[in-house]
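Working through the structure, step by step
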Amino acid sequence: MADVLSPTTSAILAAIPDPDISTAAPRLVVEDLSPRVDGGDYPVRRLVGETVTVEATVFTDGHEQLAVDLLWRAVDEADWRRVRMAALPTDRWRAELVLERLGRHEYAVEGWLDIYGGFRRDFRKKLDAGVAQPVDYQEGRGFIAAAAAQADPSQRKALEAWVKRLKAASDDIAGAALLLDDDLAVLMDDADRRPFALRSTRQLIDAERTAAHFSSWYELFPRSITIDPDRHGTFDDVIGRLPQIRDMGFDTLYFPPIHPIGRTNRKGPNNSLIAGPDDPGSPYAIGSADGGHEAVHPELGGFAAFARLVEAARDYGLEIALDFAIQCSPDHPWLTEHPGWFAWRPDGSMKYAENPPKKYQDIVNVDFYGPDAVPDLWLALRDVVLLWVGQGVKTFRVDNPHTKPLPFWEWMIGDVRAQHPDVIFLAEAFTRPTMMYRLAKVGFSQSYTYFTWRDTKAELTEYITELTTTAPKEFYRPHFFVNTPDINPVFLQTSGRPGFRIRAVLAATLSGLFGVYSGFELCEAAAMPGKEEYLNSEKYIVKPRDWNGPGNIVQDIAMLNRIRRQYPALQTHLNTRFYVAQNDNIVWYGKPDPDGAGLICVMVNMDPHNEQSCAFQVPLWEFGLDDDGSVDVEDLGEGYRFRWYGKDQTISIAPDQPYRIWRLTPATNA
């Protein structure tokens, strides 16, 4: 016989494992769980209190009935919680869990053969068809008797009572009613030994606070909160600015590094290599004789003043975010105290930091794998974060995290959040998508994005679609900063006041995370020639401002933040839907209310210089309305109301009012 088998068949037969091994293999299949990230290696990102819908594909051979449970718990809990999953078409199963506390959670899906459930299903069919036989009744009684014999003492008495009731049944009708009784089904389910049970690998979920997903950030340099460029601002000066920041609707106030600044190679105005004796230097050149990352720059007022600021900010509904920049001035105490944390050249010198073509002569970098760095440097950096957490800081913007080892971030963020699950880390990583997404996977709650350079309708549509429909939707939270001290986008340099309003409304309505660097509200745009850098950059000088200067867009920002707080539809990027507007310069999108009652719609003229017109479609289908239906419309920016009749409409939008924000609801009778 072997001589007539094909080579392929012979190879298949040779690969068949021993029958004893095969019978021990899982009979069920549990696969394709969602939500998950990289098969469960990294956590899905959600909010505390959020309901998470879990699905899985679970099946087995033949027509056996299955039961499937969703299990979940916080990772520091011993016991799993369980809920039965509901069967969907094509072997999919679904259930929900609620994240009741901050921190990391895990879930799994477990399926098994539901023997008694399968009996009830088939027995009912036989009864309905009039083909039930005595043996069917006998089989059912046998399942219950077997369950009673194997049950725990707490269940055995109740099952034995059912056995007696079945024996005493007066006729088949009574016996059938007992076998199909729902109370008996619950008891049998509780006593089920769950044959062929198979549990999936665990999947991870991080439950974070709301600010990880929805927040409005305002960045300022504390030293510039002064009216005199020759007088360094202090934390107490910042306290005086808090009411205006609150009134603009911001809830997070972010500072660049507030530590002592080195003298060696200190930068002068406009990144000059020569600094005068009174030039303040870049705050990113951290460390001097006054201390390093654990210290406060003396001219800011010290820890006591910082504590006053944190408390005052809290009273105004603001929390303080700090920059965590892992870099050192050549004067940082660590260079002499821990030389093994740095890489030295053969001549005893150290190479300053570079990001070609940019050079940072006033900065040197640590070596995460230096001769004495593991674990001492890693622990020291973690302790820096914990020190500031102890000072009331729960949010950190991390400078250039993509230039530091991923294993460090995964360990450090995990360790900090295990102790303080309310801590948030923002990645300032303008780099390759692969690295930006991996930083989110290893622990960063949110990230700077390419939004800064997405200036056209096509670019924005493509980018938002990627973030909302592909894998990053489960773990990557985009923070739409409109500008930064390092980035003065060309669009803003060339677009005037309309351009600032355009970028503000796009950032504030497309993402739940929106941020501005101070001066944006004043439409500051003066640039270094040929560069995306600010002329007279605040990174190198004390820069007083007239916060009520002419032409500002303070009212726009305040309105945007007000409606962001008022309407949950604007608190996430994940619900964005783009609609038809027949002009490449006009972007038109909607964001439905979570309860489906209304739809926030935003239309923006992306051209800051010219009026643009278009025909567009009112998304009546979102309310189940026909093309000739009508919706009530409230202009959330201007406050007036009107009604649209029919799907097809036209509009013209001029640069002096480059956007519209409407809330649509089904038309009501007048």
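Residues numbered from 1 in each chain as written. Predicted model: local features only at pLDDT ≥ 70, side-chain atom pairs only at ≥ 80, totals over all residues. Heavy atoms only, no water.

- Where an unreviewed UniProt entry is consulted, the chain appears under the name Alpha-1,4-glucan:maltose-1-phosphate maltosyltransferase, with the organism given as Sphingomonas cynarae.
- Its UniProt record gives the chain a comment under Catalytic activity (unreviewed entry), which states: "alpha-maltose 1-phosphate + [(1->4)-alpha-D-glucosyl](n) = [(1->4)-alpha-D-glucosyl](n+2) + phosphate".
- As stated in UniProt under Sequence similarities (unreviewed entry), the record for the chain gives "Belongs to the glycosyl hydrolase 13 family. GlgE subfamily." (UniProt positions renumbered as here; feature names shortened; annotations may be inferred.)

**Considering the nonpolar core**
- Membership of the largest hydrophobic core comes to 132 residues, with the highest contact counts inside it found for Trp409 and Leu506.
- Broken down by element, the residue count for this core peaks at 10 residues, all from helix H15 (residues 490–510).
- Excluding anything up to four places from it in sequence, Leu506 contacts Phe451, Leu460, Val587, Tyr589, Val604 and Met606.
- Residues Tyr116, Ala176, Leu187 and Ala191 belong to the second largest nonpolar core, which totals 20 residues. (Core = buried A, V, L, I, M, F, W, Y, C linked by side-chain atoms within 4.5 Å. Buried < 20%, exposed > 50% of the residue type's maximum accessible area, 1.4 Å probe, protein only. Helix = DSSP H or I, 4+ residues; strand = E, 2+ residues; numbered from the N terminus. Contact = heavy atoms within 4.5 Å.)

**Re the packing of helix H11 (residues 376–390) against helix H12 (residues 406–419)**
- In the contact formed by H11 and H12, the axes pass within 10 Å of each other and the chain directions differ by 40°. Considering their axes alone, H11 and H12 lie oblique with respect to each other. Our pair here, H11 against H12, has a crossing hand that is right-handed. Mapping the contact onto sequence places Trp378, Leu379, Leu381, Arg382, Val385 and Leu386 in H11 and Pro407, Phe408, Trp411, Met412, Asp415, Val416 and Gln419 in H12.
- When grouped by side-chain class, the residues that make up the contact of H11 with H12 number 10 nonpolar, one polar and two charged. (Axes fitted to C-alpha atoms, helices over the stretch in contact; angles between N-to-C directions. Parallel < 35°, antiparallel > 145°, perpendicular 65-115°, else oblique. Left-handed = near helix turned anticlockwise from the far one by under 90°. Nonpolar A, V, L, I, M, F, W, Y, C, P; charged D, E, K, R; others polar.)

**What about the UniProt feature "site: Transition state stabilizer" (unreviewed entry) in the chain?**
- As recorded in UniProt, the sites labelled "site: Transition state stabilizer" (unreviewed entry) are Asp486.
- By the element assignment, Asp486 lies in the loop between strand E19 (478–481) and H15.
- Other than its neighbours up to four places away in sequence, Asp486 contacts Lys358, Glu428, Glu532, Glu533 and Lys539.

**Remarks on the pattern of salt bridges**
- All chains considered together, the criterion is met by 52 salt bridges.
- Asp122 is paired through a salt bridge with Arg121; the nearest N and O atoms lie 3.0 Å apart.
- With a closest N to O distance of 2.7 Å, Glu208 and Arg477 form a salt bridge. Of this pair, Glu208 sits in strand E10 (residues 203–208) while Arg477 sits in the loop between helix H14 (457–469) and E19, and the two are 269 residues apart along the sequence.
- Take Glu208: its relative accessible area is 1%, and that puts it in the buried class. (Salt bridge = Lys/Arg side-chain N within 4 Å of Asp/Glu carboxyl O.)

**Some thoughts on the packing of aromatic side chains**
- Applying the stated criterion across every chain yields a total of 45 aromatic pairs.
- Taken together, the ring pairs connect Phe324, Phe368, Tyr369, Trp378, Phe396, Phe408, Trp409, Trp411, Phe425 and Phe444 into an aromatic cluster.
- The aromatic ring of Trp162 is capped on one face by Arg165, whose charged end is 4.2 Å from the ring centroid. (Phe/Tyr/Trp six-rings, centres within 6.5 Å; stacked < 30°, edge-to-face > 60°. Lys NZ or Arg CZ within 6 Å of the ring centre and 35° of its normal.)

**Examining the side chain of Arg73**
- Residue position: Arg73 is located in strand E4 (residues 66–74).
- A polar atom in the side chain of Arg73 sits 2.9 Å from the backbone oxygen of Ala78.
- In terms of polar contacts, Arg73 uses its side chain to reach the side chain of Glu106, at 2.7 Å.
- With near-sequence residues (within four places) excluded, Arg73 lies in contact with Ala78, Asp79, Trp80, His105 and Glu106. (Polar contact = N/O pair within 3.5 Å; in protein donor to acceptor, adjacent residues only side chain to side chain.)

**Focus: helix H4 (residues 134–150)**
- The end-to-end C-alpha distance of H4, which contains 17 residues, comes to 25 Å, matching closely the 24 Å that a straight helix rising 1.5 Å per residue would cover.
- Buried within H4 we find Asp136, Tyr137, Gly140, Ile144, Ala147 and Ala148. Relative to the axis of H4, the buried residues are bounded by an arc of 125° and lie together on one face. With respect to the buried face of H4, the exposed residues turned more than 90 degrees away are Pro134, Val135, Gln138 and Ala149. (Expected span 1.5 Å × (residues − 1). Arc of directions from axis to C-beta.)

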